[in-house]
Amino acid sequence: MPAERLTLARALNEALRTALEEDSSVLVMGEDVGTLGGVFRVTDGLQKDFGQDRVMDSPLAESGIVGTAIGLALVGYRPVVEIQFDGFVFPAYDQIVTQLAKLHARSHGTIRMPMVIRIPYGGGIGAVEHHSESPEALFAHVAGLKVVSPSNPTDAYWMLWQAIRSDDPVIFFEPKRRYWDTAEVDLSARPDPLHQARVVRPGTDLTLAGYGPTVQLCLEAAEAAVAEGKSLEVLDLRSVSPVDFDTVQRSVERTHRLVVVHEAPVFFGAGAEIAARVTTRCFYTLEAPVLRVGGYHAPYPAARLEKEFLPDLDRVLDAVDHSLAY
Amino acid sequence: MTANGNQRPPGTDEPAVPDFADALNAFMSHREDPGMLQLLTPEGALVAPPDRTPGYDPELLRALYRDMVMARGFDTEATALQRQGELGLWPPLAGQEAAQVGSAHALRADDYVFPSYREHAVAWCRGVNPLDIIKLYRGVTNGGWDPRETNFHLYTLVVGSHALHATGYAMGLAKKGSDAAAIAYFGDGATSEGDVAEAFTFAAVHSAPVVFFCQNNQWAISEPVERQLRGPLYRRADGFGFPGVQVDGNDALAVHAVTRAALEHVRAGNGPFFIEASTYRMGAHTTSDDPTRYRRPAEVEHWRARDPIVRLRTHLSHADDTAPVFFEEVEEEARKLAHRIRHDTRILPHPHRLAVFDHVYAEGHAVVDEEREQFEEYHRSFADGETE
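So, how was this worked out
- Residues numbered from 1 in each chain as written.
- Chains lettered and ligands numbered in written order.
- Predicted model: local features only at pLDDT ≥ 70, side-chain atom pairs only at ≥ 80, totals over all residues.
- UniProt positions renumbered as here; feature names shortened; annotations may be inferred.
- Helix = DSSP H or I, 4+ residues; strand = E, 2+ residues; numbered from the N terminus.
- Rg over C-alpha atoms; globule rule 2.2 N^0.38 Å.
- Contact = placed C-beta atoms within 7 Å.
- Buried ≥ 20, exposed ≤ 12 C-beta atoms within 10 Å, placed from the backbone.
- Pairing = 2+ DSSP bridges.
- Axes fitted to C-alpha atoms, helices over the stretch in contact; angles between N-to-C directions.
- Domains from an automatic or database assignment.
- Nonpolar A, V, L, I, M, F, W, Y, C, P; charged D, E, K, R; others polar.
- Left-handed = near helix turned anticlockwise from the far one by under 90°.
- Right-handed = clockwise from strand over helix to strand, strands pointing away.
- Arc of directions from axis to C-beta.

The name given to chain B in an unreviewed UniProt entry is Pyruvate dehydrogenase (Acetyl-transferring) E1 component subunit alpha, with the source organism recorded as Streptomyces coffeae. The annotation that UniProt attaches to chain B under Cofactor (unreviewed entry) is "thiamine diphosphate".

For chain A, an unreviewed UniProt entry supplies the name Alpha-ketoacid dehydrogenase subunit beta and the organism Streptomyces coffeae. Taken directly from UniProt, the Cofactor (unreviewed entry) text for chain A runs: "thiamine diphosphate".

Laid out in structure tokens, this is it:
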């Protein structure tokens, strides 16, 4: 299949389409995923092509969506659930944490939960409250779940396809401000393993690590740093649970410095875990403490203030300066 | 009004024979509140003659009786084992045997059961080894059995969560064109949980073949059912658009008949069905609970007089003339089961410490692998070289 020019949202749509075609046990369910095609149109046209039996508009009840999807998985289906917005996943949090994450262990491996929960997340689109949050750490903290986030259309296609084929529950965070980013997507390429991090720009002076919406920001920071004579390496972590610490370690052993960038608040965020593990693994090669750039320990602010809350180019470069100053 | 709600028609001399089918239909059409469905009175007498008692079959009654006694024997032993420190916890089922055994006998092997955590008698009827339930409460495992072998799901401790799993499972059965059904067991307290309401919603709009079987045992730990809702519990189903029926949960025969009717209803594609089995938890919520802090002795005595096992035994000995040797044999069998459980519980092996890391994921996880290695390394580091 030749490469196609796709938005990230369209690439996700193609991945769902491929999965629905390849495996009759794949189901798509969520609020407004049918006739409307989802509020971000990620499921556009799927119900028309695959029918209401496989692409189901759900009642407006997130716990109900995930809870019934667990039942459907028990009887042999592979549900792909859409939660409409990040801040609306919490009614389903109980089902995800107490049931979905634990059934495989509780059943000594006799029950598998091949479910994907897609969550549009992150800010930058000027939305109202509960529509811009980054709760990935709340899921990465739960054993039994896997958590990934693509940063670009190609990964969006392949990572969703891989997540659907996984026999573990995968929380799939979609960077909603990147939904309309466009790229050539090679639908016949061989994808990297789902949980493998990737060096997206090699460098020698410092490693910038991001995932989802912040990878593009890290790339922009690395580009801007060139003018100041700094060579920054950029890692796309792609997976938050597990984090590919081996790739991070190799990068830090080259650059001796690490700055982690995510939109989520840094307090108890993914960056905290990465900092702790990298410090343990790379203690003698680090030239500076691992620094983090992210949201603050405050509720996600009203849209007019989100630029102050979100990591931006200046804040990333400021952290780079601090790291290099050690 | 008689026990099942029928009144003597005016102007007739003959006492009316209450009709179970009429009463069930009344429930299903929401025409009226026919009162609690009952086939066998607390005194062990049939409400209607045998030929007008649905499912009346002495062999069935003896099978129900046997399983009820076995379940109580096992339950009593497990309670004792907890008191002696062999189990961490035990939620006794005593008093709820008719609700559980009566409904379980109405199920087909390919129906799938989603229990709460007190459904020991249903488990027994499905063929789950009681020792596997013991393992859970002894702290050897968080599961205990392979649910695929008996179509009896693992216990769910988060109250009401599994009502949604049953609904999703039933939605899947319907998609596959199967005529099997799912059944979810939960208590009166669970009906306040949002998940149960959401399960009702999903089941109704998808016409899912699921029976919601609520054992209203009158108490959610210390809170009486009046703290959970106003009005009759079975009428919860009304607002969701499917039938709800109230049955005497200490009448195994009526529970069996109602559950069978409910299963037929859902199998035929009519959507879900709600059963409120009115019963009583004769013991504590769990062995950690002290019910004397919230229940009056008179209430407990009132319900003890309605013991479901005594009711069935009285009926079988008097009306059916079942020979005393049958009861003796069942008692002996229950004693043997209790003895086996006691013996096997005490020799259950301690789980290997590395089991902490088992089956966290189906396809592995780098952090689990790393931590397992560190854990092993830590234990290897001790000088005595203990490897167990």
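Turning our eyes to something else, we now look at the overall build of chain B. Within chain B, the secondary structure is distributed over 14 helices and seven strands. At 23 Å, chain B has a C-alpha radius of gyration in line with the 21 Å of a compact globule built from 388 residues. Overall, chain B is about 95 × 50 × 40 Å in size when its C-alpha atoms are taken along their principal axes. Put simply, of all contacts in chain B between residues at least 6 apart along the chain, 75% involve residues at least 24 apart.

Our focus in this paragraph is the overall build of chain A. Scanning chain A for helices and strands turns up 12 helices and 14 strands. What you see for chain A is a C-alpha radius of gyration of 19 Å, in line with the 20 Å of a compact globule of 326 residues. Based on the C-alpha atoms only, the size of chain A along its principal axes is roughly 60 × 45 × 40 Å. In chain A, buried positions account for 58% of the 326 residues.

Another aspect to go through is the pairing of strand S5 (residues 116–121) of chain A. Residues and elements named next belong to chain A. In terms of burial, S5 is a largely internal element, six of the six residues being buried. Neither face of S5 is exposed, since Val116, Arg118 and Pro120 on one face and Ile117, Ile119 and Tyr121 on the opposite face are all buried. Inspection of the sheet shows strand S4 (residues 78–82) paired to S5 by three bridges, in the parallel sense. Across the sheet, Val80 pairs through a bridge with Val116, a residue of S5. Alignment of S5 against strand S7 (residues 170–175), held across six bridges, turns out to be parallel. Along S7, the bridge assignment pairs Pro120 with Glu174.

All names here are of chain B. On the basis of which strands lie adjacent, the open sheet formed by five strands has the order S1-S2-S3-S7-S6 and parallel pairing. Pairing within the sheet leaves two strands with one partner each, and these edge strands are strand S1 (112–114) and strand S6 (244–248). On average, each strand axis in the sheet is inclined to that of its neighbour by 20 degrees, with strand direction left out of account. Two elements, S6 and strand S7 (residues 273–278), share five bridges in a ladder whose sense is parallel.

Moving on, we get to the interface of chain A and chain B. Between chain A and chain B, the residue contacts involve 33 residues of the former and 33 residues of the latter. Going through the elements one at a time, helix H3 (62–74), helix H4 (93–100) and helix H5 (103–106) of chain A are the ones with two or more residues in the side of chain A that touches chain B. Among the elements that take part in the side of chain A that touches chain B, H3(A) stands out by supplying nine residues, more than any other.

What follows concerns the domain arrangement of chain A. Residue and element names in this part refer to chain A. Domain boundaries in chain A define domain 1 (3–186) and domain 2 (198–325). Centre-to-centre, using C-alpha coordinates, domain 1 lies 26 Å away from domain 2. Counting residues at the interface gives 24 residues for domain 1 and 21 residues for domain 2. Listed by contribution, the elements that provide at least two residues to the side of domain 1 that touches domain 2 are helix H6 (136–140), strand S6 (146–148), helix H7 (153–165) and S7. The residue makeup of the side of domain 1 that touches domain 2, split by class, is 10 nonpolar, eight polar and six charged.

The subject of this paragraph is the UniProt feature "domain: Transketolase-like pyrimidine-binding" (unreviewed entry) in chain A. Mapped onto the present numbering, the UniProt feature "domain: Transketolase-like pyrimidine-binding" (unreviewed entry) falls on residues 6–181 of chain A. In residues 6–181 of chain A, the share of helix is 36% and the share of strand is 17%. The end C-alpha atoms are 8 Å apart.

This part takes up the packing of helix H2 (residues 58–83) of chain B against helix H12 (residues 308–318) of chain B. Each pair of packed helices can be described by the angle between their axes along with the distance between the axes. Residue and element names in this part refer to chain B. Where H2 contacts H12, the axes come no closer than 10 Å and their chain directions differ by 145 degrees. Crossing of H2 over H12 shows left-handed handedness. Residues Leu61, Arg62, Leu64, Tyr65, Met68, Val69 and Arg72 of H2 form the contact with H12, whose own contacting residues are Pro308, Ile309, Leu312, Arg313 and Leu316. When grouped by side-chain class, the residues that make up the contact of H2 with H12 number nine nonpolar, no polar and three charged.

Now for the sheet that holds strand S10 (residues 206–210) of chain A. All names here are of chain A. Spatially, five strands are ordered S9-S11-S10-S13-S14 in an open sheet, and the strand pairing comes out mixed. With partners counted over all chains shown, the strands left at the sheet margins are strand S9 (198–201) and strand S14 (291–295), one partner each. Put simply, the sheet's adjacent strands are angled 25 degrees from each other on average, direction ignored. In this sheet, strand S11 (residues 232–236) lies alongside S9 in antiparallel orientation, the contact comprising three bridges. Its bridge partner being in S11, Arg201 is matched across the sheet by Val234. The strands that helix H10 (residues 270–281) touches are S10, strand S13 (258–265) and S14; relative to S13, the one it contacts most, it runs at about 155 degrees.

All names here are of chain B. Orientation of H2 relative to helix H13 (residues 324–346), taken along the N-to-C sense of each, is 35 degrees, at an axis distance of 9 Å. The two elements H2 and H13 meet at a crossing, and its hand is right-handed. Seen from H2, the contacting residues are Arg62, Tyr65, Arg66, Val69, Met70, Gly73, Phe74, Thr76, Glu77, Ala78 and Leu81; seen from H13, they are Phe326, Val330, Glu331, Glu333, Ala334, Arg335, Leu337, Ala338, Ile341, Arg342 and Thr345. Taken together, the residues of the contact of H2 with H13 break down into 12 nonpolar, three polar and seven charged.

Our next topic: the pairing of S7(B). All names here are of chain B. With six of its six residues buried, S7 lies for the most part within the structure. Judged by which residues are buried, S7 turns out to be covered on both faces: Phe273, Ile275 and Ala277 on one side and Phe274, Glu276 and Ser278 on the other are all buried. Where strand S3 (residues 210–216) and S7 come together, six bridges link them in parallel fashion. The partner of Gln215 across the bridge, within S7, is Ala277. Where the polypeptide runs from S6 across helix H10 (residues 252–267) and back to S7, its parallel neighbour, the crossover connection is right-handed.

Turning our attention to helix H9 (residues 245–255) of chain A. Each full turn of the α-helix corresponds to 3.6 residues, which orients residues three or four apart in the same direction. All names here are of chain A. For H9, every residue scored as buried is listed here: Phe245, Val248, Ser251, Val252 and Thr255. Angular distribution of buried residues about the axis of H9 spans 125 degrees; they occupy a single face of the element. Where the residues of H9 are buried, they touch S9, S10, S11, S13 and H10. Where H9 ends, the next residue or the one after it, His256, has phi of about 70 degrees, a positive value.

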